[in-house]
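Residue-level structure breakdown
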Amino acid sequence: MPRRWFSKNAAREGKGVRLARYISKCGILSRSRAGELIAAGKVQVNGKPVFDPEIRISPVLDNVEIDRQPIARRPPTYIALNKPTGVITTAHDPEGRPTVYGLLPPDSGWLIPVGRLDKDTSGLLLLTNDTAFADRVTSPTRKVPKTYLVKVQGKITDETVDRLQNGVAIDDDYVTLPAKVSIDRRNKGTAWLSVTIFEGKYRQVRRMCEAVDLHVQQLIRIRIGKLELGPLAKGSWRPLSEEEKAAVFAEKPGT
Ligand code: URA
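Predicted, not measured: the structure shown is a model, and the values here were computed from it.

1. As for the overall build of the protein chain
The secondary structure content of the protein chain amounts to seven helices and 17 strands. Burial status across the protein chain gives 46% buried among its 255 residues. For the protein chain, the exposed area adds up to about 13700 Å²; of that, 52% sits on carbon and sulfur atoms. Computed over 42 positive and 29 negative side-chain charges, the inter-centroid distance for the protein chain is 3 Å.

Written as structure tokens, this is what we have:
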């Protein structure tokens with residue numbers, strides 16, 4: 001399909017970026033919300049209203065405004081949150097349950113969760129306005145390891161551990177990739193496991209445990225790639241350090 005240029009600047013650069021994508025990259029709005037505002041005629045490029053979210057502009061040379069207000073670019077933001085149980089990973093919940101966004105400062109701007117944790121799972125959740133960073137962590141081809149501490153109830157033997165490690169069917173047509181599993185502690189009828197998976201299917205760890213007749217009582221994510229939850233209090237957040245960000249970008253795929 002031919003490229004739809006808006007500005008001579010973008011055409012001259014031979015590249016440009018799609019307008020809705022550019023606005024979302026500035027960290028103010030999601031791409032779909034930006035598309036709605038563009039379609040409603042509320043976005044101007046170099047003073048003229050535009051209506052097509054797919055046109056290409058030059059982020060360097062073109063002046064983009066919303067309601068005639070220049071876009072204030074937000075700096076790239078990377079946050080580690082210790083998500084408590086009972087809080088959901090979504091921006092708007094029709095049932096009005098507490099969301100992770102209620103735990104962040106009100107001026108944190110548009111941030112997306114980097115992967116999700118289900119309501120009953122706690123631990124490390126990353127949020128960012130840098131979609132390249134999010135893609136890097138969640139892309140299935142990169143196989144970024146995610147480590148969970150899991151308290152399970154049920155009979156756990158070496159064979160159970162082997163089955164979890166080798167891959168179990170969590171769907172009629174899906175067997176999980178090899179994982180790393182160890183028994184950290186045994187109590188009467190329960191055990192704490194460390195489970196590292198290299199993919200991120202919906203409720204994957206719970207479904208893996210169910211597949212080997214283990215009932216999950218607690219699930220905590222403690223690591224994503226080289227990023228550790230560490231001593232962050234439940235419900236608190238902290239910015240990632242420069243070293244942590246660099247480590248995410250340096251990570252080789254397929255570890
Ligand atoms: N596995 C689960 O079962 N739940 C999560 O939130 C993450 C991984």
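From this point, the discussion proceeds with the structure in view.
2. Focus: the packing of aromatic side chains
Following the criterion strictly, the structure yields two aromatic pairs and no others. Aromatic pair Y78 and F133: ring centres 4.8 Å apart, planes at 65 degrees, arrangement edge-to-face. Taken as a pair, Y78 in strand 7 (residues 78-83) and F133 in helix 4 (residues 131-138) lie far apart in primary sequence, 55 residues in all. A relative accessible area of 1% places F133 in the buried class. The structure contains a cluster of three or more aromatic residues connected by ring pairs, namely Y78, F133 and F249. The lysine or arginine in question, K201, covers the ring of Y174, its NZ or CZ lying 4.8 Å from the ring centre.

3. Observations regarding helix 4
Among all positions of helix 4, only T131, F133, A134 and V137 are buried. On an axial view of helix 4, the arc spanned by its buried residues comes to 155 degrees, and they lie on one face. Buried positions along helix 4 lie against helix 2 (19-25), strand 7, strand 8 (112-114), strand 9 (122-128), strand 15 (215-224) and helix 7 (242-250).

4. What about the environment of P53?
Here P53 shows up in the loop between strand 3 (48-49) and strand 4 (56-57). On a C-alpha basis, the gap between P53 and P239 in space is 32 Å, while along the polypeptide they are 186 residues apart. In this structure P53 touches R18, L19, A20, G35 and I38, once residues within four positions along its chain are discounted.

5. Describing the domain arrangement of the protein chain
Under the domain assignment, the protein chain is made up of domain 1 (8-70), domain 2 (78-140 + 227-248) and domain 3 (146-224). The interface is formed by seven residues belonging to domain 1 together with five residues belonging to domain 2. The interface formed by domain 1 and domain 2 contains zero salt bridges. Scanning the region where domain 1 abuts domain 2 turns up zero residue pairs in polar contact (both at pLDDT 80 or more). Grouping the amino acids of the side of domain 1 that touches domain 2 by side-chain chemistry returns two nonpolar, three polar and two charged.

6. Concerning the site of the ligand
In the vicinity of the ligand, the contacting residues are L117, D118, T121, Y148, R203, Q204, V205, R206 and L219. For the ligand, an oxygen atom lies 3.5 Å from a polar atom in the side chain of T121. When the ligand sits alone it has 230 Å² of accessible area, and the protein chains cover 94% of it. Looking at the shell around the ligand element by element, the count peaks at three residues for helix 6 (residues 204-211).

7. Section: unusual backbone geometry
One non-glycine residue with positive phi stands out, namely N46, at about 50 degrees. Along the polypeptide, N46 turns up in the loop between strand 2 (43-45) and strand 3. Residue D213 is not a glycine yet carries a positive backbone phi of 60 degrees. Residue position: D213 is located in the loop between helix 6 and strand 15.

About the criteria used
Here the residue index of a chain counts from 1 through its sequence in written order. Predicted model: local features are reported for residues with pLDDT of at least 70 only, side-chain atom pairs are reported and counted for 80 or more only, and whole-chain, interface and lining totals are derived from all residues. Side-chain descriptors were evaluated using all non-hydrogen atoms of the structure, hydrogens and water having been removed beforehand. For helices the rule is a DSSP run of H or I covering at least 4 residues; for strands it is a run of E covering at least 2, with both sets numbered from the N terminus onward. When accessible area is computed with a 1.4 Å probe and restricted to protein chains, residues below 20% of their type maximum are described as buried, those above 50% as exposed, and intermediate ones as partly exposed. Only the protein chains shown count as cover for residues, with accessible areas throughout obtained via the Shrake-Rupley method and a probe of 1.4 Å. Counting rule for charge: Lys and Arg are taken as positive, Asp and Glu as negative, and neither His nor the chain ends is counted. All charge positions are set by atom: Lys at NZ, Arg at CZ, Asp at CG, Glu at CD. Only Phe, Tyr and Trp rings take part, Trp by its six-membered ring, and two of them pair if their centres are within 6.5 Å. Stacked means planes under 30 degrees apart, edge-to-face means over 60, and tilted covers everything else. Any Lys NZ or Arg CZ found within 6 Å of a ring centre and within 35 degrees of that ring's normal is scored as a charge over the ring. In this context, the arc is that of the directions from the helix axis out to the C-beta atoms. Residue contacts are defined here by distance: any two heavy atoms, one from each residue, within 4.5 Å place the two residues in contact. What marks off one domain from the next here is an automatic or database domain assignment. In what follows, salt bridge is the name for a side-chain nitrogen of Lys or Arg lying within 4 Å of a carboxyl oxygen of Asp or Glu. Any pair of N or O atoms that falls within 3.5 Å is considered a polar contact. Within protein, one atom must be able to donate a hydrogen and the other to accept it, and sequence-neighbouring residues count only if both atoms are side-chain atoms. The nonpolar class holds Ala, Val, Leu, Ile, Met, Phe, Trp, Tyr, Cys and Pro. Asp, Glu, Lys and Arg form the charged class, and all remaining residues, Gly among them, are polar. Near, as used in this document, describes a residue that has one of its heavy atoms within 4 Å of the molecule or strand being considered.

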